Structures are given as C-alpha cells and as structure tokens.
Amino acid sequence: MSDIWIAVGWTLLRDAESNSREFVQARQLILGSVDQGLPYFTIGLRVLSDALNFLTVVNAKDQPAKRALTAVTRASLACSQDAVFTTVNLSKFLDLAPKSLRGTP
C-alpha cells in the first residue's frame, strides 16, 4: 500500500540532509509509491504531492520527481479533496461536466 511508503518516505525526507543515505532512501520510497497507485487516504495524496514538490525544489534537475509530481498533481485535481479516502471524481477525471454546468438542458 503506497500510504506506508509515503509516510515513511516523508518522515525520512523531512529529517534528512540532502544527498544523505536517508534522503536517497526517502526519495526512493516517495518515487516508488507513485508506481503503487493512488494512496488510500486523501491526506496521503497531499503528503505525496508535498514530498515530490520538495524533491523538485531541492534538485530542479530531478526529472523522475518532476514527472511524478506532474502525474500526482493531475490525479489530485481529479480527486475529491473533502473525502477521507481518495475518491476520484470521474466527471473531473474524464473532463465531463454535469449538463447543468454546460448550459445544455
């Protein structure tokens, strides 16, 4: 489950010096969690986004982190931010708006 990888990665990341063994391990956990799919909890998605953003600030040339941040940002925009569990709002994800919002009766 990616939530565990995110939590451990974030904990290591916030206490690690850049380029330390802990920082490298944290980066691997954070990037690896992206391959695991969406986090179970919405807070996991927020923490994942923050961690990836931090990685790109620390190293602007970190292309894997930049690609992952782009993907996670897109996923986050497609999810409900009010739900406890990560919930994809399919109409947002599929770029569909309710008919009432499109002006079509």
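See the structure above.
To start, this report covers the structure provided alongside it. (Residues numbered from 1 in each chain as written. Predicted model: local features only at pLDDT ≥ 70, side-chain atom pairs only at ≥ 80, totals over all residues. Heavy atoms only, no water.)

1. A look at the overall build of the protein chain
Helices and strands together make up the secondary structure of the protein chain, namely six helices and zero strands. Reading the helices (α) and strands (β) of the protein chain from amino to carboxyl end gives α-α-α-α-α-α. Counted over contacts in the protein chain with a minimum sequence separation of 6, partners at least 24 positions apart contribute 55%. Carbon and sulfur atoms make up 57% of the accessible area of the protein chain, which amounts to about 6900 Å² in all. (Helix = DSSP H or I, 4+ residues; strand = E, 2+ residues; numbered from the N terminus. Contact = heavy atoms within 4.5 Å. Areas by Shrake-Rupley, 256 points an atom, 1.4 Å probe, with all protein chains shown as cover.)

2. Things to note about the packing of aromatic side chains
Remark: the centre distance and the inter-plane angle together describe each pair of aromatic rings, the angle taken between the planes. Counted by the stated rule, this structure contains three aromatic pairs. Here the aromatic rings of Tyr40 and Phe41 are separated by 5.0 Å at their centres, their planes lie at 90°, and the arrangement is edge-to-face. With a relative accessible area of 45%, Tyr40 lands in the partly exposed category. One aromatic cluster is present, built from ring pairs that chain together Tyr40, Phe41 and Phe85. (Phe/Tyr/Trp six-rings, centres within 6.5 Å; stacked < 30°, edge-to-face > 60°. Buried < 20%, exposed > 50% of the residue type's maximum accessible area, 1.4 Å probe, protein only.)

3. Section: helix α1 (residues 2–15)
In this model α1 runs 20 Å from its N-terminal to its C-terminal C-alpha over 14 residues, within 8% of the 20 Å that 1.5 Å per residue would give. Burial in α1 covers these residues: Ser2, Asp3, Ile6, Gly9 and Leu13. Buried positions in α1, seen along its axis, are confined to an arc of 130° and lie on one side of it. Residues of α1 that are exposed and angled more than 90 degrees away from the buried face: Ile4 and Asp15. In this structure, the buried side of α1 is in contact with α2 (21–35) and α3 (42–58). (Expected span 1.5 Å × (residues − 1). Arc of directions from axis to C-beta.)

4. Overview of the nonpolar core
Ranked by size, the top nonpolar core spans 16 residues in total, and within it Leu13, Ile30, Leu31, Leu48, Leu52, Leu55 and Val72 carry the most contacts. If you list the elements that add at least two residues to this core, you get α1, α2, α3 and α4 (63–77). The greatest single-element share of this core, amounting to five residues, is contributed by α3. (Core = buried A, V, L, I, M, F, W, Y, C linked by side-chain atoms within 4.5 Å.)

5. Quick look at the packing of α2 against α3
Put simply, α2 and α3 touch, their axes get as near as 10 Å, and they point 130° apart. Taken together, α2 and α3 sit at an angle that is classed as oblique. You can see that α2 and α3 cross each other, and the crossing is left-handed. Mapping the contact onto sequence places Phe23, Arg27, Ile30, Leu31, Ser33 and Val34 in α2 and Leu48, Ala51, Leu52, Phe54, Leu55 and Val58 in α3. (Axes fitted to C-alpha atoms, helices over the stretch in contact; angles between N-to-C directions. Parallel < 35°, antiparallel > 145°, perpendicular 65-115°, else oblique. Left-handed = near helix turned anticlockwise from the far one by under 90°.)

6. Let's talk about the pattern of salt bridges
Enumeration over the complete set of coordinates arrives at two salt bridges. Here Glu22 makes a salt bridge to Arg21, at a shortest N to O gap of 3.4 Å. Using a relative accessible area of 32% as the deciding quantity, one classes Glu22 as partly exposed. Between Asp62 and Arg27 there is a salt bridge; the shortest N-O distance is 2.8 Å. Here the residue Asp62 occupies a position in the loop between α3 and α4, and Arg27 occupies one in helix α2, the gap between them amounting to 35 residues. Asp62 sits in the buried class, given a relative accessible area of 7%. (Salt bridge = Lys/Arg side-chain N within 4 Å of Asp/Glu carboxyl O.)

Just geometry here; none of it tells us what the structure is for.
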